[in-house]
Amino acid sequence: MKKLLKTLPFLALLILVTSCSSVRVATDYDKNANFSTYKTFAFFKTGIDKAEISDLDKRRILRAIEAEMLAKGFAKSENPDLLISLFTKSNQRVDVYNNYWGYGGWGWGGFYSPWGWGWNQPNVSTRTEGVLYIDLIDANKKELVWQGMGTGYLTQNMEKKEERIKEFVAEIMAKYPPGSQP
């Protein structure tokens, strides 16, 4: 029992760390759109220019989207079926964990910890959570037909940034076209 109680905080930390690396994805689409008719794409410069991120990150995102679209069999075109736009949001997230983990045990403790599970030392962490929206617009009708949204934590580490952007885009684009995923 003591061994389990000692390893429980480490397991909780492991779960927390591994859950931070994932991207949560949601999609919405026009049920009347015939997605099998879309074969070509181009980027919608007007929409992309409005995205409030650095030009370096825009290029990283656009390269990742282009790679995903080409892998799905689409062709880049001057006269596209789909226009691709994107926008982003970011939030600063502050997590406060007020737990009672530490040394000690249940029951009547010592002078400094009369009841509980060791010392009460809140843990505070701050992280940036980003949201990437990828919009697919019917080029002829000028109507949004599909939107993918990925939410996850961002990194400032330059070596990991491109990898993280590719992960965001891949997770979002895995949901296109609607009904293609199991």
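Residues numbered from 1 in each chain as written. Predicted model: local features only at pLDDT ≥ 70, side-chain atom pairs only at ≥ 80, totals over all residues. Heavy atoms only, no water.

## Points about the overall build of the chain
Okay, step 1: Tallying secondary structure elements over the chain gives four helices and six strands in all.
Okay, step 2: Counting from the amino terminus, the chain carries its helices and strands in the arrangement α-β-β-α-α-β-β-β-β-α.
Okay, step 3: Burial analysis of the chain (182 residues in total) assigns 33% to the buried set.
Okay, step 4: Within the chain, counting contacts between residues at least 6 apart in sequence, those at least 24 apart form 72% of the total. (Helix = DSSP H or I, 4+ residues; strand = E, 2+ residues; numbered from the N terminus. Buried < 20%, exposed > 50% of the residue type's maximum accessible area, 1.4 Å probe, protein only. Contact = heavy atoms within 4.5 Å.)

## Here we look at the layout of surface pockets
Okay, step 1: Roughly 350 Å³ of volume is contained in the second largest pocket.
Okay, step 2: Residue lining of the second largest pocket: 18 residues in total, with Ile 53, Asp 57, Ile 61, Leu 154 and Ile 165 positioned closest to the centre.
Okay, step 3: Counting residues per element, the ones that place at least two in the lining of the second largest pocket are helix 3 (55-71), strand 4 (82-97), strand 5 (123-138) and helix 4 (158-173).
Okay, step 4: Broken down by element, the lining of the second largest pocket gets its largest block of residues, four residues, from helix 4. (1 Å grid on protein atoms, 1.4 Å probe; cavity = no way out; pocket = protein on both sides within 12 Å on 5 of 7 lines; lining within 4 Å. Points joined across faces, edges and corners; volume = space filled by probe spheres on them.)

## Things to note about the pattern of salt bridges
Okay, step 1: Taken as a whole and assessed by the stated rule, the structure comprises seven salt bridges.
Okay, step 2: Across the pair Lys 45 and Asp 49 runs a salt bridge, and its minimum N-O distance is 2.8 Å. You can see Lys 45 and its partner Asp 49 sitting in helix 2 (residues 45-49), four residues apart, about one turn around the helix.
Okay, step 3: The closest approach of N and O atoms between Lys 76 and Glu 66, which form a salt bridge, is 3.2 Å. Of this pair, Lys 76 sits in strand 3 (residues 75-76) while Glu 66 sits in helix 3, and the two are ten residues apart along the sequence.
Okay, step 4: Lys 76 sits in the partly exposed class, given a relative accessible area of 47%. (Salt bridge = Lys/Arg side-chain N within 4 Å of Asp/Glu carboxyl O.)

## Description of unusual backbone geometry
Okay, step 1: Here the residue pair Tyr 176 and Pro 177 is connected by a cis peptide bond, since its omega of -5° sits within 30 degrees of zero.
Okay, step 2: Considering the arrangement of structural elements, one finds Pro 177 in the segment after helix 4.

## Quick look at the confidence of the model for the chain
Okay, step 1: With 74% of its residues at a pLDDT of 70 or more, the chain shows a mean pLDDT of 81.
Okay, step 2: Contacts from residues 4-20, a stretch scored under 50 in pLDDT, to residues over four places away or in other chains number seven contacts. (pLDDT = per-residue confidence, 0-100.)

## Observations regarding the pairing of strand 5
Okay, step 1: As paired elements, strand 4 and strand 5 share 16 bridges and run antiparallel to each other. Across the sheet, residue Leu 86 finds its bridge partner in strand 5, namely Ile 134.
Okay, step 2: Count of turn residues in the strand 5/strand 6 (residues 143-153) antiparallel hairpin: four residues, of which Lys 142 carries a positive phi of about 60°. (Pairing = 2+ DSSP bridges.)

## A look at the packing of helix 3 against helix 4
Describing two packed helices takes the angle between their axes plus the distance from one axis to the other.
Okay, step 1: Two numbers describe how helix 3 lies on helix 4: the axes approach to 9 Å, and their chain directions differ by 40°. As judged from the angle between their axes, helix 3 and helix 4 are oblique. Remark: the crossing between helix 3 and helix 4 carries right-handed chirality. The residues of helix 4 that touch helix 3, namely those facing Asp 57, Arg 60, Ile 61, Arg 63, Ala 64, Ile 65, Glu 68 and Met 69, are Met 158, Lys 161, Glu 162, Ile 165, Lys 166, Val 169, Ala 170 and Met 173. (Axes fitted to C-alpha atoms, helices over the stretch in contact; angles between N-to-C directions. Parallel < 35°, antiparallel > 145°, perpendicular 65-115°, else oblique. Left-handed = near helix turned anticlockwise from the far one by under 90°.)

## Re a nonpolar patch on the surface
Okay, step 1: The grouping of Val 94, Val 96 and Val 124 at the surface amounts to a nonpolar patch, some 280 Å² of accessible area in total.
Okay, step 2: Within the fold, Val 96 resides in strand 4. (Patch = residues over 30% accessible without salt bridge, like charges linked within 9 Å, V, L, I, M, F, W, Y side chains within 5 Å. Areas by Shrake-Rupley, 256 points an atom, 1.4 Å probe, with all protein chains shown as cover.)

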